[in-house]
Amino acid sequence: MLPNRTLHGRYTGQTSSIFMLALTTGFLTILTLGIYRFWAKSRIRRYIWNATQPGGDPMEYTGTGVEKFIGFLIAIVILAVYLGIVQLALAFAGFNMLDLFATDTPTEAQIIAQIAVTYIVLLALLPLIYIAQYRARRYMLSRTRWRGLRFGAEQASVGYMLRAVGYLIVTILSLGLLAPLGTFKLEKYKTDRSWYGDAKFQQGGRWTMLYKPFVHILIPFALIAGAGVIAAVSGMSPEQNAGVFIVIGIVAYIWFLVGIVHYRLQSFAIMARHKTLDNEALRFHAEPMTGFVIGKYIVGALLASLITGAAFIPAGVVVFLATMIAESGGSMIAIGFSGVIAVLGYLLALAVGAAATMAFITQPIYGHIVENTSVLNAENLAAIQQRSKDDMPDAEGFADALDVGGAF
Amino acid sequence: MMAEVTQARASFFDGKTAGKQAVLITSSRALGALRIETVEGHLIAEWPLSDLRQHQDGAHMVLFMQGDPDEARLTPDRLDDAKTIALIAQDLHQRAPLGPAVKKMAVWGAGAVAALVLMIFVIIPSLANQLAVLIPPEREQRIGQTVLAQIEGALTFGQDGEEDTSWVCENPQGTAALDVMAQTLIRDMEFPYDLSINVVDHEMINAFAVPGGQVILMRGLLEEAETPEEVAGVLAHELGHVANRDPMRLALRAAGSAGILSLVLGDATGGLVIAGAAEQVLNASHTRAAEADADVFALDMMESANLPPEAFATFFDRLIEEHGDVHGALELVSSHPASARRAERARDRVDQDATYARVLTDDQWQDLRAICAD
């Protein structure tokens, strides 16, 4: 065997294939009132995994719609009870909390408090969402194979949830400055518990290395602060100051948006370069380009919105006709019928939009990342053995019910 | 041409290690199997064609043998060979039988439906009813004031008038007439809280009760009504909500069942639309029961005050005439029972032999209608 073999990532997915697959499964999902979505998700993953080929060997997704559906039913039984009772209790506590601000006439503060209570309900969901995300990742790994070997992750969703909540608090208290700490530590927690066959992944490096891409999220704030200083020090007129603020504000805003994409992409790449497998026998390289991803995103968003806009035309025409029928005193049945058609047309247009987003934004960006990621020292793969199958009866049911799935 | 594959190149993964093996495959219908050999010619495996399966939905062919304990994988290197194999093997796309999954689906499906029904129709309503009683009346009054302030803000938004003036109408004669009407209805009846009945300056034909015993009649309603007894009927209906603590119970109930439905529909395209519609039906069905109860309460109240229940009916009749009624599907999503049915129930209560009293004198009725005039 050759020493130091490198397997370059290859992505063979076709725009037309994924568009048609996403469209067909999207239509079926609507026609079955959402039940087909479990099968739709499995089919799209099977296609994408198969097109993801490190060193030319396709990945394999073995998750099924049936097990996802069962997992969803299990999640419903648990969540219906949990959510119903928790939300009711929170509403009750919220109503009582209003009393803390009690005055004879309701104040702004009370009204704000009432709105805040609504959001506390979301906070009660947060731990559940983190658990669901970890479990969904674990399920996905357990149903992924490459070169015949299964991936896997350890059962550690509660530990993950506690850390995620902790780092969220740290990030908020530090006004976002310590966000890289959370990004790195959570990724390390997940990576150090992930397996390929009987080989364990390890996340090396330090959290401070993420500040290099993170700087681009901070610069826009520095720009705004700088503009403030200039305004205070220079003797410019208010009009000139406003002009400076608008120009710098626009630059800062665009920089911020690009900075977020850059941070997410490059922090992934940096951490990938510091990951190892099987006691450092294998390493990885990743070098995706922020400029390419942003370009793909802009072009893709334009194409997807054009296609989606066109797909909405039929529904719009039906609504217009229904209005005409109603104005000319047409029958209730005709109006009701066209109402149903219009809703159906609207839902179908949404499915077209989702398929276009998948084909023109999600897949090209994912493909770019795959093609710029490699496995180093691949000659050591032969030493890795199969792992036993992880049974997960609830699949990713919790993530599905709480709607916290990823891009696909 | 006979479809066959002879000594074609392929990659074999034995399912035990991540090592990749370059192999040669041979297959034809006559052979009835797919032979996998090393490059040196040693036989690795022979998969019967009837057990040969292909991984679905991918563009790149991945083959395996059904029931293979090692779950080994084979991928032909050339597309042509993959196509030929697809011709030879008939059952490539046959799915594995669902087996125990069917029973599991049925059991958990029934469990999920039972959990939802139990939560939405039994546990949440009864919890909401119990918790509503636990909230002290003074606190409920303050909640009611907050709610009312929000309603006022929403309904008077963008209207002319000074910011700080309240929309409550308070001229002395009108208020006195309103008191007479309320006293005639209430008499010595006990309510959980101190009642507060007000008319507000808004043209909507409506009345409502907020938590804490506050009942609001809108100016539009006074103008639409032709007799004071019609207004008394509506007021009695709202007092029914107050007596049953409906505003608080229903608010808690809606909070409890809010998230559950969107759970079921998840991230389906347009799922939010469907979830919204379903929730509307659900909440309306909760409130429709409360409305029917309030109607019964109101008719009892009218009867014991010796007021004509018919006034209740005539008011709804006129609403139908002028604004149409809700029927069929719409009745399901509307929070009130269809007006025609309500009017009918009121008319059933009319005692033909009785002589009914009047709730206000003509002067008092004029005063009440002018309550919003300065």
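Structure report, in brief. Not measured: the values here are computed from a predicted model. (Residues numbered from 1 in each chain as written. Chains lettered and ligands numbered in written order. Predicted model: local features only at pLDDT ≥ 70, side-chain atom pairs only at ≥ 80, totals over all residues. Heavy atoms only, no water.)

1. With respect to the overall build of chain B
The cut-off we apply is this: Labels follow the DSSP assignment, with helices taken as runs of H or I lasting at least four residues and strands as runs of E lasting at least two, numbered in each case from the N terminus. For every residue, the accessible area obtained with a 1.4 Å probe (protein chains only) is divided by the maximum for its type, and the residue is called buried under 20%, exposed over 50%, and partly exposed between those limits. Where accessible areas are quoted, they stem from the Shrake-Rupley method and a 1.4 Å probe; at the residue level, only the protein chains shown are allowed to cover.
Scanning chain B from N- to C-terminus turns up 12 helices and 11 strands. Within the span of chain B, comprising 374 residues, buried residues form 46% of the whole. Of the roughly 18,200 Å² of accessible surface on chain B, 54% is carried by carbon and sulfur atoms.

2. Notes on the packing of aromatic side chains
Formally: Between 30 and 60 degrees the pair is tilted, below 30 it is stacked and above 60 it is edge-to-face, where a pair is any two Phe, Tyr or Trp rings, Trp via its six-membered ring, whose centres lie within 6.5 Å. Whether a charge lies above a ring is judged from NZ of Lys or CZ of Arg, which has to be within 6 Å of the ring centre and within 35 degrees of the ring normal.
Applying the stated criterion to the full structure yields 19 aromatic pairs over all chains. Geometrically, the ring pair formed by Tyr 36 of chain A and Trp 39 of chain A is stacked, given 6.4 Å between the ring centres and 20° between the ring planes. Judged by relative accessible area, Tyr 36 of chain A falls into the buried class, the value being 18%. Through successive ring pairs, a cluster of aromatic residues spans Tyr 36, Phe 38, Trp 39, Phe 69 and Phe 72 of chain A. Looking at Arg 193 of chain A, its charged tip hangs above the ring of Tyr 189 of chain A, at a distance of 3.7 Å from the centre. Directly above the aromatic system of Phe 64 of chain B lies the positively charged group of Arg 73 of chain B, at a separation of 4.7 Å from the ring centroid.

3. What about helix α11 (residues 339-348) of chain B?
Heads up, the condition is: Arc definition: it is the arc formed by the directions from the helix axis to the C-beta atoms.
Residues Ser 339, Arg 342, Ala 343 and Ala 346 of chain B constitute the buried set of α11 of chain B. Looking straight down α11 of chain B, one finds that the buried residues subtend no more than 100° of arc, so they occupy a single side.

4. Structural notes on the pattern of salt bridges
Any two side chains of opposite charge can pair if their charged atoms end up close together. Operational definition: A pair is scored as a salt bridge if a Lys or Arg side-chain nitrogen falls within 4 Å of a carboxyl oxygen belonging to Asp or Glu.
Overall, the coordinates contain 31 salt bridges over all chains when judged by the stated rule. A salt bridge links Arg 37 of chain A to Asp 400 of chain A; its shortest N-O distance comes to 2.9 Å. Of this pair, Arg 37 of chain A sits in helix α2 (residues 37-51) while Asp 400 of chain A sits in helix α11 (residues 397-402), placing them 363 residues apart in sequence. Per residue, the accessibility class of Arg 37 of chain A equals that of Asp 400 of chain A, and both read buried. Note that Asp 57 of chain A is salt-bridged to Lys 20 of chain B, the shortest N-O span being 2.8 Å. Of this pair, Asp 57 of chain A sits in the loop between α2 and β2 (59-61) while Lys 20 of chain B sits in the loop between β1 (4-13) and β2 (21-28), placing the two residues on different chains. Under the relative-accessibility criterion, Lys 20 of chain B is labelled partly exposed at 37%.

5. A word on empty space enclosed by the protein
For the record, the criterion: In this analysis the probe radius is 1.4 Å and the grid spacing 1 Å, with only protein atoms considered; a cavity is a set of points the probe fits into but cannot get out of, a pocket is an open set with protein on both sides within 12 Å along at least five of seven lines, and lining residues have an atom within 4 Å of a point. Grid points are joined across faces, edges and corners, and a volume is the space filled by probe spheres set on the points. The nonpolar class holds Ala, Val, Leu, Ile, Met, Phe, Trp, Tyr, Cys and Pro. Asp, Glu, Lys and Arg form the charged class, and all remaining residues, Gly among them, are polar.
Tallying each qualifying case throughout the model produces two cavities of 30 Å³ or more. Volume-wise, the largest cavity comes out at about 80 Å³. If you go around the largest cavity, the residues you meet are Asp 57, Pro 58, Met 59, Glu 60, Arg 145, Trp 146, Arg 147 and Gly 148 of chain A together with Phe 13, Val 62, Arg 73 and Thr 75 of chain B. Looking at the lining of the largest cavity, the elements with two or more residues in it are β2 and β3 (144-146) of chain A together with β7 (73-76) of chain B. A breakdown of the residues in the lining of the largest cavity according to their chemical character gives five nonpolar, two polar and five charged. When residues of the lining of the second largest cavity are traced back to their parent elements, those giving at least two are α2, α3 (65-97) and α11 of chain A. The residue makeup of the lining of the second largest cavity, split by class, is two nonpolar, one polar and four charged.

6. Comments concerning unusual backbone geometry
Residue and element names in this part refer to chain A. Despite not being glycine, Asp 278 has its phi angle at roughly 60°, a positive value. Locating Asp 278 in the fold gives a position in the loop between β7 (275-277) and β8 (282-286). Its identity as a non-glycine residue notwithstanding, Ala 395 has a phi of 45°, on the positive side. Turning to its location among the elements, Ala 395 is positioned in the loop between β9 (373-376) and α11. You can call Ala 395 buried: its relative accessible area is 1%.

7. A closer look at the state of the cysteines
Residue and element names in this part refer to chain B. Defined as follows: Throughout, a disulfide means two cysteine sulfur atoms within 2.5 Å of one another.
Enumeration over the complete set of coordinates arrives at one disulfide over all chains. Here Cys 169 pairs with Cys 372 through a disulfide, and the sulfurs are 1.9 Å apart. Disulfide Cys 169-Cys 372: torsion about the S-S bond near 90°, hence right-handed. Residue Cys 169 is found in strand β8 (residues 168-169), and its partner Cys 372 is found in the segment after α12 (362-369); the two are separated by 203 residues along the sequence. Classification of Cys 169 as buried rests on a relative accessible area of 7%. Residue Cys 372 is classed as buried on the basis of its relative accessible area, which comes to 18%.

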